[in-house]
Amino acid sequence: QEQLVESGGGLVQPGGSLRVSCAASGASISAYNIAWYRQAPGKQRELVARITRAEVTYYSDFVKGRFTISRDNGKNTVYLQMNSLKLEDTGVYYCNGGRSLMRMEYWGKGTLVTISS
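Now for a description of the structure that goes with this document. (Residues numbered from 1 in each chain as written. Predicted model: local features only at pLDDT ≥ 70, side-chain atom pairs only at ≥ 80, totals over all residues. Heavy atoms only, no water.)

**A look at the pattern of salt bridges**
Under the criterion given, the structure shown has 6 salt bridges. Note that aspartate 89 and arginine 38 form a salt bridge whose closest N and O atoms lie 2.8 Å from each other. With a gap of 51 residues between them, aspartate 89 in the loop between β8 (77-82) and β9 (91-98) and arginine 38 in strand β4 (residues 33-39) connect regions that are remote in the sequence. Just as aspartate 89 is buried, arginine 38 falls in that class too. For the salt bridge of lysine 64 with aspartate 61, the shortest nitrogen-to-oxygen distance reads 3.2 Å. Here the two residues lysine 64 and aspartate 61 agree in accessibility, since each one is exposed. Among the ionic contacts, a cluster of salt bridges with common partners joins Arg38, Glu46, Arg66 and Asp89. (Salt bridge = Lys/Arg side-chain N within 4 Å of Asp/Glu carboxyl O. Helix = DSSP H or I, 4+ residues; strand = E, 2+ residues; numbered from the N terminus. Buried < 20%, exposed > 50% of the residue type's maximum accessible area, 1.4 Å probe, protein only.)

The following block contains the structure:
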């Protein structure tokens, strides 16, 4: 069974950094395009960043210059490095993947990131 599992969430002060991970099980992550979404309390889920199988990246404007998405196929993991964190970055971060960008069918259960002083 193919699954995506997030880890690395936690509590960070504003201005701090955190790295969250998305690991694949039951399949090689090299076969997936991977996106990170987040959902803040009371808000809709929104796209944060995406990396294709060819390592083409996309970032939403609100994280450009602060977040970096990368993949380590040898570790079967995609990372989201988050720097200069803001209070509004708080939310549950979800990993989403699929072999086709038109069908990103796999979702992890999420990892909570809390930015607070």
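From this point, things continue past the structure.
**Brief notes about the packing of aromatic side chains**
Evaluation of the coordinates by the stated rule reveals 3 aromatic pairs. Pairing tyrosine 32 with tyrosine 106 gives two aromatic rings, centres 5.5 Å apart and planes at 35°, and the pair type is tilted. Separated by 74 residues along the polypeptide, tyrosine 32 in the loop between β3 (18-25) and β4 and tyrosine 106 in strand β10 (residues 106-107) bring together distant segments of the chain. Of the two residues, tyrosine 32 and tyrosine 106, both sit in the buried class. (Phe/Tyr/Trp six-rings, centres within 6.5 Å; stacked < 30°, edge-to-face > 60°.)

**Points about the pairing of strand β7 (residues 67-72)**
Burial along β7 is one-sided: the residues Phe67, Ile69 and Arg71 are buried and none of Thr68, Ser70 and Asp72 is. With 6 bridges connecting them, β7 and β8 associate as antiparallel partners. Counterpart to threonine 68 in the pairing with β8 is glutamine 81. (Pairing = 2+ DSSP bridges.)

**Focus: the nonpolar core**
Counting residues in each nonpolar core, the largest one holds 28 residues, and the members touching the most others are Tyr32, Trp36, Leu80 and Met82. Those elements that provide at least two residues to this core are β3, β4, β5 (46-51), β7, β8, β9 and β11 (111-115). Ranked by residues supplied to this core, first place goes to β3 with 4 residues. (Core = buried A, V, L, I, M, F, W, Y, C linked by side-chain atoms within 4.5 Å.)

**A word on the state of the cysteines**
Applying the stated criterion across every chain yields a total of 1 disulfide. Linked covalently through their sulfurs, cysteine 22 and cysteine 95 form a disulfide whose S-S length is 1.9 Å. Handedness here is read from the sign of the S-S torsion; for cysteine 22 and cysteine 95, about -65°, the answer is left-handed. You can see cysteine 22 sitting in strand β3 and its partner cysteine 95 sitting in strand β9, a full 73 residues away along the chain. Each member of the pair, cysteine 22 together with cysteine 95, is buried. (Disulfide = S-S within 2.5 Å.)

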